[in-house]
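So you can see what is in the structure, the chains are spelled out below.
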Amino acid sequence: MENFVINGGHELFGEVNISGAKNAAVAIIPAAILAGDAVRIENIPQISDVQLIIEILGSMGAEIKLINRDTIEINTANLSYQSVPYELTSHFRASYYLIGAMLGRFKKASVAMPGGCNFGVRPIDLHIKGFEMLGADVDIVDGMVSAKADKLVGASVYMDQVSVGATINVMLAAVLARGLTVIENAAKEPHIVDLANFLNSMGADVRGAGTDVIKIRGVEKMHGCTYSIIPDQIEAGTYMVAAAACGGDVLIKNVIPKHLESISAKLEEAGAEIIEYDDAVRVTRFKPLTKCNVKTMPHPGFPTDMQPQMAVLLAIANGTSILSESVWDNRFQYVGQLLRMGANIQVDGKTAVIEGVDRLTGVKVKATDLRAGAAMIIAGLVADGTTTVENINYIDRGYEDVVAKFSSLGADIERVEIREEKTAQNAG
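The rules behind the values
Residues numbered from 1 in each chain as written. Predicted model: local features only at pLDDT ≥ 70, side-chain atom pairs only at ≥ 80, totals over all residues. Heavy atoms only, no water. pLDDT = per-residue confidence, 0-100. Contact = heavy atoms within 4.5 Å. 1 Å grid on protein atoms, 1.4 Å probe; cavity = no way out; pocket = protein on both sides within 12 Å on 5 of 7 lines; lining within 4 Å. Points joined across faces, edges and corners; volume = space filled by probe spheres on them. Helix = DSSP H or I, 4+ residues; strand = E, 2+ residues; numbered from the N terminus. Nonpolar A, V, L, I, M, F, W, Y, C, P; charged D, E, K, R; others polar. Polar contact = N/O pair within 3.5 Å; in protein donor to acceptor, adjacent residues only side chain to side chain. Axes fitted to C-alpha atoms, helices over the stretch in contact; angles between N-to-C directions. Parallel < 35°, antiparallel > 145°, perpendicular 65-115°, else oblique. Buried < 20%, exposed > 50% of the residue type's maximum accessible area, 1.4 Å probe, protein only.

### Thoughts on the confidence of the model for the chain
Caution applies to low-pLDDT regions: their predicted coordinates should not be interpreted in detail. Across the chain, the average pLDDT comes to 94, with 95% of residues at or above 70. Taken together, the stretch residues 116-121 has pLDDT below 50 and engages in 20 contacts with residues farther than four places along the chain or on a different chain. Low pLDDT, under 50, characterises residues 422-428; the predicted model gives this stretch zero contacts beyond four residues in sequence or across chains.

### A short note on the layout of surface pockets
Approximately 320 Å³ is the volume attributed to the second largest pocket. Contributing to the lining of the second largest pocket are 19 residues, with Ala245, Arg285, Ile316, Asp358 and Val382 lying nearest its centre. Secondary structure elements with two or more residues in the lining of the second largest pocket: α8 (233-246) and α12 (370-382). Of the residues that constitute the lining of the second largest pocket, the class distribution is ten nonpolar, four polar and five charged.

### A few points about the side chain of asparagine 75
On the secondary structure map, asparagine 75 appears in strand β5 (residues 71-75). Within the local environment of asparagine 75, its side chain forms a polar contact with the backbone nitrogen of alanine 77, the two atoms lying 2.9 Å apart. If near-sequence neighbours (up to four positions away) are discounted, asparagine 75 is found in contact with Asp37, Ala38, Ala62 and Glu63.

### Topic: the packing of helix α6 (residues 164-174) against helix α7 (residues 190-201)
Relative to each other, α6 and α7 sit at 10 degrees, their axes nearing to 11 Å. Relative to α7, α6 is oriented roughly parallel. Between α6 and α7, the contacting residues are Val164, Thr167, Ile168, Met171 and Leu172 on the first element and His191, Ile192, Leu195, Ala196 and Leu199 on the second. Considered class by class, the residues forming the contact of α6 with α7 number eight nonpolar, two polar and no charged.

### Some words on helix α10 (residues 307-315)
The buried count for α10 comes to nine of nine residues, which makes it a mostly enclosed element. Restricting attention to buried positions, one finds in α10 the residues Gln307, Pro308, Gln309, Met310, Ala311, Val312, Leu313, Leu314 and Ala315.

### Here we look at unusual backbone geometry
The linkage connecting histidine 299 with the following residue, proline 300, adopts the cis geometry, with an omega of 15 degrees. Within the element layout of this structure, proline 300 appears in the loop between β17 (294-295) and α10. A positive phi angle, near 65 degrees, is found at lysine 107, a position not held by glycine. If you trace the backbone, lysine 107 turns up in the loop between α4 (97-106) and β6 (108-112). A relative accessible area of 21% means that lysine 107 is categorised as partly exposed.

Next up, the structure:
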């Protein structure tokens with residue numbers, strides 16, 4: 001078992017390079033199934049979710065070749081259809097993209113219900129509705145989602161609510177369907193645009209990604225390509241919030257500043273200064289933080305995946321802030337950990353009232369999910385004394401080289417191996 005041990009109270013200075021986007025990678029890698037050919041993918045983040053999806057494709061017969069640290073070649077020419085068991089899907093929810101990709105190529109799919117972070121029910125009813133509109137029969141039996149179709153035919157698919165996962169899955173299933181598919185009320189996140197660009201690089205005809213109407217004209221066959229994944233919006237936002245919370249001067253490189261506008265706006269409101277460059281943003285903060293209200297929204301609103309990190313900043317800002325969650329239920333599970341550090345937060349349903357305190361105090365805390373884990377790191381960085389973060393496997397799912405990156409900015413953080421001691425009874 002490993003923990004992060006953080007000695008807080010240091011301002012952050014320097015530069016940090018952002019890795020490829022987790023949320024794009026876990027959709028683009030399964031999409032390689034549709035090519036039936038060799039696909040080279042660059043700017044792959046070195047995180048456990050990506051390693052898992054690559055392992056799954058390898059177990060299905062894909063040839064995986066590591067070109068360099070962040071580039072892989074996936075050849076799915078000889079990939080064979082097979083069901084994907086729970087043992088392979090239990091640790092991350094993006095495994096459900098295998099359903100859309102396999103349904104698109106093989107006209108059938110059988111994938112165990114996904115796992116991942118536990119902060120609310122993650123229904124896939126919109127995914128199923130989309131598959132059924134394209135002509136598939138879908139059943140869930142003993143935790144396995146099975147979909148099959150004699151043929152897939154383009155259709156009009158209206159999303160009852162904005163869903164990133166369902167939008168992506170319908171895109172994957174539709175690119176090889178006959179005719180035109182129109183997804184209305186589609187999600188508009190940057191990684192959906194990235195997936196559309198990747199699919200088009202393989203010969204698909206996807207238009208409108210980034211708007212709320214996506215049109216997909218089915219093609220008969222797709223082919224290999226070389227493609228580079230966009231930078232990770234949420235990793236960049238995490239380092240931006242850390243720089244603002246700790247104070248200092250940090251240049252965050254390899255980013256798309258437009259993807260960060262909602263985060264930049266709130267950090268400026270809270271007292272940080274943001275300077276945008278072509279592919280970087282600089283965050284400086286040398287004056288006290290002030291309150292601000294934040295409500296998470298689908299893109300281009302403030303990302304739900306940045307909510308826990310922002311809560312830490314607001315916990316040490318002057319005044320009372322209101323943090324509202326409009327995307328996920330139970331996303332405030334981490335608040336109990338911050339309360340142990342001295343934060344003053346009251347949660348009522350999907351709203352948290354945060355009264356800023358002078359300081360947080362280092363204690364032992366747990367990562368309750370991926371982004372809450374990032375928040376615990378930031379909390380440890382701003383706290384007085386030593387903070388130990390447990391359950392860091394959640395953090396490894398979405399952050400590459402987090403210790404090295406924060407250390408390069410002057411943070412005192414290390415990964416420590418914890419050996420479970422034998423009890424006296426066992427030892428005797």
